[in-house]
Amino acid sequence: MATERTLSIIKPDAVAKNAIGDIISRFEKAGLKVVAAKMLHLSEEKAGGFYAEHKERPFFKDLVGFMTSGPVVVQVLEGEDAIAKNRELMGATNPKEAAPGTIRADFAETIDANAVHGSDSPASAEREVAYFFSADEICPR
Ligand code: DGI
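The text that follows walks through the structure, step by step, so that each part is easy to find. If you're wondering where the values come from, they're calculated on a predicted model, not measured in any experiment. (Residues numbered from 1 in each chain as written. Predicted model: local features only at pLDDT ≥ 70, side-chain atom pairs only at ≥ 80, totals over all residues. Heavy atoms only, no water.)

1. Thoughts on the overall build of the protein
Piece 1. Tallying secondary structure elements over the protein gives 7 helices and 4 strands in all.
Piece 2. Ordered by position from N to C terminus, the α and β elements of the protein give β-α-α-β-α-α-β-α-α-β-α.
Piece 3. Computed over its C-alpha atoms, the radius of gyration of the protein comes to 14 Å, within 12% of the 14 Å expected for a compact globule of 141 residues.
Piece 4. A buried classification covers 47% of the 141 residues belonging to the protein.
Piece 5. Here the contacts in the protein between residues at least 6 apart in sequence split such that 78% fall between residues at least 24 apart.
Piece 6. On the protein, roughly 7,300 Å² of surface is accessible, and the fraction owed to carbon and sulfur atoms is 53%.
Piece 7. For the protein, the distance from the average site of its 17 positive side-chain charges to the average site of its 22 negative ones is 2 Å. (Helix = DSSP H or I, 4+ residues; strand = E, 2+ residues; numbered from the N terminus. Rg over C-alpha atoms; globule rule 2.2 N^0.38 Å. Buried < 20%, exposed > 50% of the residue type's maximum accessible area, 1.4 Å probe, protein only. Contact = heavy atoms within 4.5 Å. Areas by Shrake-Rupley, 256 points an atom, 1.4 Å probe, with all protein chains shown as cover. Lys, Arg positive; Asp, Glu negative; His and termini not counted. Charge placed at Lys NZ, Arg CZ, Asp CG, Glu CD.)

Pasting the structure below:
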């Protein structure tokens, strides 16, 4: 196992539910450290660029609309196997398929408004961390 960094986003639905603390607490209890964090209200351009790989998908417009509908909290999580560990804590993309006790099972209503994002591979983690944070905004500890 290697120490990794991954990008997490607490999406507008979970921020609106006042679930920021509960979600971050799950990361910390699982041994992941928050090494960078900020709250942002994404522009269409920033959200569209983040999800550029989905640009041709039928749900792209709704996805960007949702991601710009309210503030989000973006964080860099660091720890052993951080990418897979975060995906495990999140649960499946569709909350109806998310395992009991996962963040999406507990906080997400629909596949569109599914509470959290987490990088799905080392390559996307690297791109996504750099998309939101400069090197001097990350505080190793
Ligand atoms: O990495 P994930 O967020 O689990 O999933 P993903 O990268 O495949 O998709 C990114 C987001 O796009 C996902 O969190 C919600 C949305 N999405 C993905 N597949 C569908 C979708 N939205 C709708 N409405 N329908 C889909 O099939």
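Here the narrative resumes.
2. Quick notes on the sheet that holds strand β3 (residues 72-80)
Piece 1. Taken together, the 4 strands give an open sheet; going across it, the order is β2-β3-β1-β4, and neighbouring strands pair in antiparallel fashion. Each end of this open sheet is capped by a strand with a single partner; those strands are β2 (33-40) and β4 (116-118). Sheet twist, expressed as the mean angle between neighbouring strand axes with direction ignored, is 20°.
Piece 2. Pairing geometry for strand β1 (residues 3-10) and β4, over 3 bridges, is antiparallel. By the bridge assignment for β4, I9 is matched with H117. (Pairing = 2+ DSSP bridges. Axes fitted to C-alpha atoms, helices over the stretch in contact; angles between N-to-C directions.)

3. Brief notes about the environment of G70
Piece 1. Mapped onto the elements, G70 comes out in the loop between α4 (60-67) and β3.
Piece 2. For the pair formed by G70 and D13, sequence separation is 57 residues and the distance between their alpha carbons is 7.9 Å.

4. Observations regarding the nonpolar core
Piece 1. Core analysis: the biggest nonpolar cluster contains 21 residues, and L7, I9, M67, F132 and F133 have the highest contact counts within it.
Piece 2. Elements represented by at least two residues in this core include exactly β1, β2, α3 (44-50), α4, β3 and α7 (122-132).
Piece 3. Among the elements that make up this core, the one with the highest residue count is α4 (5 residues).
Piece 4. Other than its neighbours up to four places away in sequence, L7 contacts F50, Q75, N86, H117, G118, S119, E128, V129, F132 and F133.
Piece 5. Formed by 18 residues, the second largest nonpolar core is a distinct cluster that contains A19, V73, L77 and V116. (Core = buried A, V, L, I, M, F, W, Y, C linked by side-chain atoms within 4.5 Å.)

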